[in-house]
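# Breakdown of the fold
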Amino acid sequence: MDIRYKALSVHLITASGAVLSMFAMLAAVEEKWSLMFLWLVFALIVDGIDGPLARRWDTPANFPIYDGVLMDLIVDYLTYVFIPAFALFKSGLLGGWTGWLAIIAITYGSVVYFSDTRMKTKDKSFSGFPACWNMVVLVLFAEKPHQWVVLLVVVLLTLAMFLNLKFVHPTRTKRWREVTLPVSILWVVMAGWAAWYNFHIGPLAHWLLGLSSLYLCLAGILQQIFPERRAA
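Below is a summary of the structure that appears in this document. The structure presented is a predicted model; accordingly, all values stated were derived computationally and were not measured.

Below, the discussion takes up the overall build of the protein. Each helix and strand counted, the protein has 9 helices and 2 strands in total. Along the protein, helices (α) and strands (β) appear in the sequence α-α-α-α-α-β-α-α-β-α-α when read from the amino end. Relative to its length of 232 residues, the protein is compact, with a C-alpha radius of gyration of 18 Å against a globular reference of 17 Å. Overall, the protein is about 50 × 50 × 35 Å in size when its C-alpha atoms are taken along their principal axes. Here the protein holds 232 residues, and 45% of them are scored as buried. Taking the intrachain contacts of the protein between residues at least 6 apart in sequence as the baseline, contacts between residues at least 24 apart amount to 78%. Total accessible area on the protein is roughly 12800 Å²; 70% of this is exposed by carbon and sulfur atoms. Charge centroids of the protein, computed over 18 positive and 14 negative side chains, lie 7 Å from each other.

Below, the structure is given as structure tokens:
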């Protein structure tokens, strides 16, 4: 196949995330949370696939008509931010003014973060929490903590978007990638499992989902605390 068509196919794969986000939104409006998260997990898988393919087939050079980065950001805002914020607000995990505060913080803070040209570090990690609210809200649905814990998580992660804290990219951060990639895959499997069974999962699945989430949140910060030693 001509490489130009391969590059175009990557753009079309990325664009499919918009359709998945619409399916997720329709489920969310009807408060079918399990179905909504299943669509968001599918969208997350698509997002994990299109990046490596785009780099492999060099989409900016071989099909520059479409801006793959812009397309990806549009889809990411829908699937990572907008729909999860709506779900958090309507779910009952937050009540009264706390729900309003959460959705304002998530949507406003995230759009500012997405437009920040400094969001990627030299080692292809993220500078600040990368607004992965789809992952956060799914874990909150699974664990169902007290509303003040939910609010605290939202506030802290919103602030973390604008702090000099490093968060690893599942595939692009080379350091610890042999651990990060399997943990990321484990998280996706556990997330899909939780959504499929309407979050009625056993203790082991809860632990695996929680521990994999903690690793993905803290790995980059630990890399900052313990910088890589350079060969003499």
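From this point, the discussion proceeds with the structure in view.
Right, let's get into unusual backbone geometry. Positive phi outside glycine occurs at Lys124, with the angle close to 70°. By the element assignment, Lys124 lies in the loop between helix 5 (97-114) and strand 1 (126-127). Under the relative-accessibility criterion, Lys124 is labelled partly exposed at 38%. In this structure, Lys144 is a non-glycine residue whose phi angle is positive, near 50°. With respect to the helices, strands and loops of the structure, Lys144 is situated in the loop between helix 6 (133-143) and helix 7 (147-160).

Cut-offs used in this document
All residue numbers refer to position in the chain's written sequence, counted from 1. Since the coordinates come from a predicted model, pLDDT governs what is reported: local features require at least 70, and pairs of side-chain atoms require 80 or more to be given and counted, while whole-chain, interface and lining totals use all residues. The side-chain numbers reported here are obtained from all heavy atoms of the structure, hydrogens and water having been left aside. The way it works is that DSSP assigns letters per residue, a run of H or I at least four long becomes a helix, a run of E at least two long becomes a strand, and they are numbered from the N terminus. For this measure, only C-alpha atoms enter the radius of gyration; the expected value for a globule follows 2.2 Å times N^0.38, where N is the number of residues. When accessible area is computed with a 1.4 Å probe and restricted to protein chains, residues below 20% of their type maximum are described as buried, those above 50% as exposed, and intermediate ones as partly exposed. Should any heavy atoms of two residues lie within 4.5 Å, those residues are counted as being in contact. Surface accessibility follows the Shrake-Rupley procedure with a 1.4 Å probe radius. Residue values consider only the protein chains on display as shielding. Counted charges follow a simple rule, with Lys and Arg positive, Asp and Glu negative, and His plus the chain ends left uncounted. Each charge is placed at NZ for Lys, CZ for Arg, CG for Asp and CD for Glu.

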